[in-house]
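Secondary and tertiary structure notes
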Amino acid sequence: MNRTGKQNERQAGKQNRRRPEKRDGQNICVNQKRCGSCRYLSLTYEEQLARKEEAVRRALGKGLVERVMPVIGMEDPYHYRNKVTAVFARDRKGNPISGVYEGGTHHVLPVEECLIEDALADRIIGTIRGMLKSFKIWIYDEDTRQGLLRYVLVRRGFSTGQVMVVLVTASPVFPSKRNFVKALLQAHPEITTVVQNINPRTDSLILGERQQVLYGTGYIEDVLCGRTFRISPSSFYQINPVQTQKLYEKAVRLARLTGKERVIDAYCGIGTIGLVAASRAGSVLSIELNPDAVRDAITNAKRNGIGNVRFYRADAGEFLTGMAARGEKADVLFMDPPRSGSTEAFMKSAAALGPERIVYISCNPETLGRDLRVFSRLGYQAGEVWPVDMFPWTESCEAVVLLSRKDIDS
Ligand code: SAH
């Protein structure tokens with residue numbers, strides 16, 4: 001763990017001297033303005049890392065944390081997205097196009113390839129687009145609500161090589177689907193599973209509730225920090241696994257586990273952080289609201305032979321309030337809430353459980369700052385903050401913070 005931590009620090013230093021736009025001379029994207037996702041494309045990678053570090057520093061304010069550490073950057077900050085979603089439509093001439101909605105509109109911007117998306121996923125989407133005519137598959141039209149194919153989602157396990165293709169259709173009737181899948185597999189033998197997801201809804205959610213496995217197991221696996229995680233089409237999974245591994249390793253290192261601790265992993269998703277920490281803890285109690293994610297988490301614990309983790313499907317705030325009312329205690333708390341941050345109820349109860357250390361993972365420096373102020377009032381001092389660049393070329397920045405109980409510190 002320590003060795004990895006030091007490697008990361010060195011890596012961040014190395015990256016701060018590197019100018020990737022000179023290395024390949026082409027980090028310019030034709031869709032940059034209309035797509036709107038990569039707002040930092042006019043900067044060097046070094047400059048954007050500095051901006052992200054500064055944004056974290058600014059959001060957290062003076063005196064709130066002891067030290068903002070150098071941002072942990074990515075060695076090769078391209079094609080890092082393991083999940084690509086393409087919306088299908090037709091251009092004015094009626095030809096199939098696929099890509100993304102232009103910022104704030106329902107106009108589809110065609111995307112052939114993308115600097116941050118997995119290149120194989122983009123090629124598979126292109127192949128599917130090229131097959132539609134000969135298989136007489138009609139693209140869904142949002143206005144008339146006619147047609148079949150709406151979206152294609154490709155997910156790739158970077159460390160296992162497994163590839164999942166999800167064909168999102170408006171209705172279950174998919175003529176000649178067998179031959180379609182056969183031809184797709186012939187063109188891309190890398191594909192390990194194909195799923196048809198049926199989404200007849202008119203809102204903006206991509207996946208519907210029903211699905212049918214057309215080929216393979218219906219899920220892929222990926223390996224993070226030596227654990228294997230099963231990922232179903234609708235499960236949340238971090239989109240940049242290379243940086244996620246660094247983030248989790250940093251989080252677990254900050255927790256300084258000795259093998260005896262009672263650990264809580266709140267907002268646990270498919271269980272990743274708790275399952276990575278489990279071998280260094282006495283026991284782990286993990287809490288997550290989404291029932292599908294909890295099901296995946298339980299499977300993942302079994303899959304990795306980890307017996308000292310228990311999962312609870314609950315609102316994390318309510319669950320901790322119950323624990324605090326029963327007078328329970330915990331030694332270490334990991335928390336990884338959504339962008340909106342945590343709640344007063346959660347933080348109050350967390351403090352009542354009296355953990356010596358809290359490791360807070362956040363994808364939004366603004367709500368992180370707000371929550372650290374609450375924790376400070378509750379007797380927890382934020383020490384090191386490590387910004388981690390999970391989304392190169394975009395403005396987003398992740399950070400992991402260690403908080404310690406003030407009475408123990410002093
Ligand atoms: N730690 C996980 C997931 C982080 S995303 C990982 O690294 O992959 C945040 C998670 O919090 C999501 O899985 C979301 O479903 C869950 N969540 C959102 N609100 C919640 C609440 N009130 N109580 C418990 N979990 C919640």
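Basis of the calculations
- Residues numbered from 1 in each chain as written.
- Predicted model: local features only at pLDDT ≥ 70, side-chain atom pairs only at ≥ 80, totals over all residues.
- Heavy atoms only, no water.
- Helix = DSSP H or I, 4+ residues; strand = E, 2+ residues; numbered from the N terminus.
- UniProt positions renumbered as here; feature names shortened; annotations may be inferred.
- Contact = heavy atoms within 4.5 Å.
- Pairing = 2+ DSSP bridges.
- Axes fitted to C-alpha atoms, helices over the stretch in contact; angles between N-to-C directions.

Observations concerning the environment of Ala 50
Counting through the fold element by element, Ala 50 comes out in helix 4 (residues 45-60). Through-space distance from the C-alpha of Ala 50 to that of Pro 70 is 8.6 Å; in sequence the pair is 20 residues apart.

With respect to the UniProt feature "binding site: S-adenosyl-L-methionine" (unreviewed entry) in the chain
In this numbering, the UniProt entry assigns the feature "binding site: S-adenosyl-L-methionine" (unreviewed entry) to Gln 238, Tyr 267, Glu 288 and Asp 336. Of note, Tyr 267 is situated in the loop between strand 11 (262-266) and helix 8 (272-277). The contact partners of Tyr 267, leaving out residues within four places of it in the chain, are Ile 287, Glu 288, Ala 316, Met 335, Asp 336, Pro 337, Pro 338, Ser 342, Thr 343 and Phe 346. With respect to the secondary-structure elements, Asp 336 resides in the loop between strand 14 (332-335) and helix 11 (344-352). In this structure, Asp 336 is in contact with Gln 238, Ala 266, Tyr 267, Ile 273 and Ile 361, ignoring residues within four places of it in sequence.

Let's talk about the UniProt feature "active site" (unreviewed entry) in the chain
Here the UniProt-annotated "active site" (unreviewed entry) positions come out as Cys 363. Inspection of the secondary structure assignment puts Cys 363 in the loop between strand 15 (357-362) and helix 12 (365-377). Contacts of Cys 363, omitting those with residues within four sequence positions, involve Arg 339, Cys 397 and Glu 398.

Description of the sheet that holds strand 15
Strand order in the open sheet formed by 8 strands is 1-16-17-15-14-11-12-13, and the pairing between neighbours is mixed. For this open sheet the edge positions go to strand 1 (65-68) and strand 13 (309-313), each flanked by a neighbour on one side alone. Recorded for the sheet is a direction-independent mean angle of 15° between the axes of neighbouring strands. Bridge analysis of strand 11 against strand 14 gives 4 bridges, and the strand direction is parallel. Within strand 14, the position partnered with Asp 265 by the bridge is Phe 334.

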